[in-house]
Amino acid sequence: MRPRGLDEVVGQSHLLGPGTPIRQLVDRDQPMSLVLWGPPGTGKTTLATVVSRVTRRRFVEISAVTDGVKRVRAEIDLARRELGMTGRQTVLFVDEVHRFNKAQQDALLPAVENRWVSFIGATTENPFFSVISPLLSRSLLLTLEPLGEDELRRVVRRALTDERGLAGATTLEAAAEDHLIRLAGGDARRALTYLEAAALVAGDGPITVGVLEKAVDRAAVRYDREGDQHYDVVSAFIKSIRGSDVDAALHYLARMLEAGEDARFIARRLIVHASEDVGMADPTALQTAVAAAQAVELVGLPEARINLAQAVIHLALAPKSNAVITAVDEAIGDVRRGLVGPVPAHLRDTHYKGAAKIGHGEGYKYAHDYPGGVVRQQYAPDAVRGREYYRPTRHGAEARFSQIADRIRSVLRGRARDTPPAAVRARRPSPPSEPAVRARRPARPTAPDPAAPRPRGAPAEAM
């Protein structure tokens, strides 16, 4: 079922449009070196094969798993002779090129540099770490993406009817097709392998979910991403984390991943939960959830399942508090009820000319001039003055924030004594200059008289 031309290639539309490097390689028939980077089953070998067929070039495939420098040099010598004698160019395709060590990759450089071959390297590993810089700098790096669900359906349905595939010998039920697409995980090769195995099990009958489960030894998770199962499982997932049942939470995580749920959706739910149900009881929970979401984008599945599991474990075992969501929802509720009021005059903007004339900023106390950076003054509008939205719990780290909030509110609302600001202290009479102070000092310090009466309240060691 490997495509015979570029028009049969499914997916990778960003690489096959007009003016793209692969199109130029095909249309202009010019030597060009490419490095194809992408997950398994996305079409790296297919693109290399199609290029050789369409351009009528000689195609040589080398596997870095089984071949070494000797084979590489032999093929390069043969390509040079072919080019010199007939003018026919060679496409040298090296699969799993990242498995070649530095010396083996160095052997490719003369052929790439002198255009003796059109080098195409395929790798599932990050080429910036696995391919030597001289080879990478002489090649165009093209990134292939996993096939989407609709693209995989096209591959499967074509294989069911095409004479090179099953040629209509069997049918695939809709539920079985959905399960097959989930199992494939964006890998066209895997989808075709599972389809072929299921067709052998089905015989003359249709391919059902039961047949597919038997063929691939993988149970189908009953999970509709747009139906009740989706919402029920996600609800149970969040409630298990909220209830601190780490084992149940991991079960639902595994259930969603096996059913093909979008990992980005799971990561988004964890980010929300980190603030909604953990909040300030463990401020690092949000950092962990965001990091897991970033890992999903950077790494992808299946590896990102580990990052998601770490975030689930962190959130499930963290102390819980819903004070954050309660605070913001109560504040929003007051605003929606019309409890807004004008901004206090001393807090209004003063950056423009004339603001002072209308009283903006008058009486404002600069918090940094006061010890602790807190000073008694009104910040909220009159309509909500005295309202306390954030009511921290005593769970985890939020106990400390509860104490901090109480101390700050006691100063803001006058329950604690104000300390004169630094600016006020600076305006007080300055002490005498250093020479005057030195002049009044005794020539040398005198020892205290033990018989002298002790000042009231002074400790004995001070005397």
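Here, the structure is the one placed above.
Structure report, in brief. Since the model is a prediction, treat every value here as computed from it, not as a measurement.

As a further point, take the overall build of the protein. Broken down by element type, the protein carries 21 helices and 5 strands. A burial count over the protein gives 39% of its 463 residues as buried. A separation of at least 24 residues holds for 69% of the contacts in the protein among residues at least 6 apart in sequence. For the protein, the accessible area works out to roughly 26600 Å², and carbon and sulfur atoms hold 52% of it.

The sheet built from 5 strands is open, its strands ordered 2-3-4-1-5 with parallel pairing. The outermost strands of the open sheet, each flanked by one partner alone, are strand 2 (58-63) and strand 5 (140-143). Ignoring strand direction, the axes of neighbouring strands in this sheet form an average angle of 20 degrees. Inspection of the sheet shows strand 2 paired to strand 3 (residues 90-95) by 6 bridges, in the parallel sense. Along strand 3, the bridge assignment pairs Phe 59 with Val 91. Together, strand 1 (34-37), strand 2, strand 3 and strand 4 (118-123) form the strand contacts of helix 3 (residues 44-54), whose direction differs from that of strand 3 by roughly 170 degrees.

Time to look at the packing of aromatic side chains. Counted by the stated rule, this structure contains 1 aromatic pair. Ring centres of Phe 59 and Phe 93 lie 6.2 Å apart, and the angle between their planes is 20 degrees; on these two criteria the pair is classed as stacked. With a gap of 34 residues between them, Phe 59 in strand 2 and Phe 93 in strand 3 connect regions that are remote in the sequence. The ring of Phe 401 carries Arg 400 above its face, with NZ or CZ at 4.7 Å from the centroid.

Time to look at unusual backbone geometry. With an omega dihedral of 10 degrees, the bond running from Leu 301 to Pro 302 counts as a cis peptide bond. Note on placement: Pro 302 falls in the loop between helix 16 (284-298) and helix 17 (304-317). One non-glycine residue, Glu 96, lies in the positive phi region at around 55 degrees. Here Glu 96 is to be found in the loop between strand 3 and helix 5 (102-106). You will see that Arg 115, though not glycine, has its phi angle at about 60 degrees, which is positive. Within the fold, Arg 115 resides in the loop between helix 6 (109-113) and strand 4.

A few words on the nonpolar core. Phe 237, Ile 241, Ile 266, Leu 270 and Leu 308 are the most contacted members of the largest nonpolar core, which has 29 residues in total. Of all elements in the fold, only helix 13 (228-242), helix 14 (246-258), helix 15 (263-278), helix 16 and helix 17 reach the threshold of two or more residues within this core. If near-sequence neighbours (up to four positions away) are discounted, Ile 241 is found in contact with Ala 249, Leu 270, His 273, Val 312, Leu 315, Ala 316 and Lys 320. Of all hydrophobic cores here, the second largest spans 24 residues; its members include Leu 152, Ala 188, Ala 191 and Leu 195.

Attention shifts here to the pattern of salt bridges. Using the criterion set out here, one finds 19 salt bridges in the structure. For Arg 164, the salt bridge identified is with Asp 162, shortest N-O distance 3.4 Å. The exposure class of Arg 164 is partly exposed, given its relative accessible area of 29%. Judged by its relative accessible area of 18%, Asp 162 falls in the buried class.

Cut-offs and rules
- Residues numbered from 1 in each chain as written.
- Predicted model: local features only at pLDDT ≥ 70, side-chain atom pairs only at ≥ 80, totals over all residues.
- Heavy atoms only, no water.
- Helix = DSSP H or I, 4+ residues; strand = E, 2+ residues; numbered from the N terminus.
- Buried < 20%, exposed > 50% of the residue type's maximum accessible area, 1.4 Å probe, protein only.
- Contact = heavy atoms within 4.5 Å.
- Areas by Shrake-Rupley, 256 points an atom, 1.4 Å probe, with all protein chains shown as cover.
- Pairing = 2+ DSSP bridges.
- Axes fitted to C-alpha atoms, helices over the stretch in contact; angles between N-to-C directions.
- Phe/Tyr/Trp six-rings, centres within 6.5 Å; stacked < 30°, edge-to-face > 60°.
- Lys NZ or Arg CZ within 6 Å of the ring centre and 35° of its normal.
- Core = buried A, V, L, I, M, F, W, Y, C linked by side-chain atoms within 4.5 Å.
- Salt bridge = Lys/Arg side-chain N within 4 Å of Asp/Glu carboxyl O.

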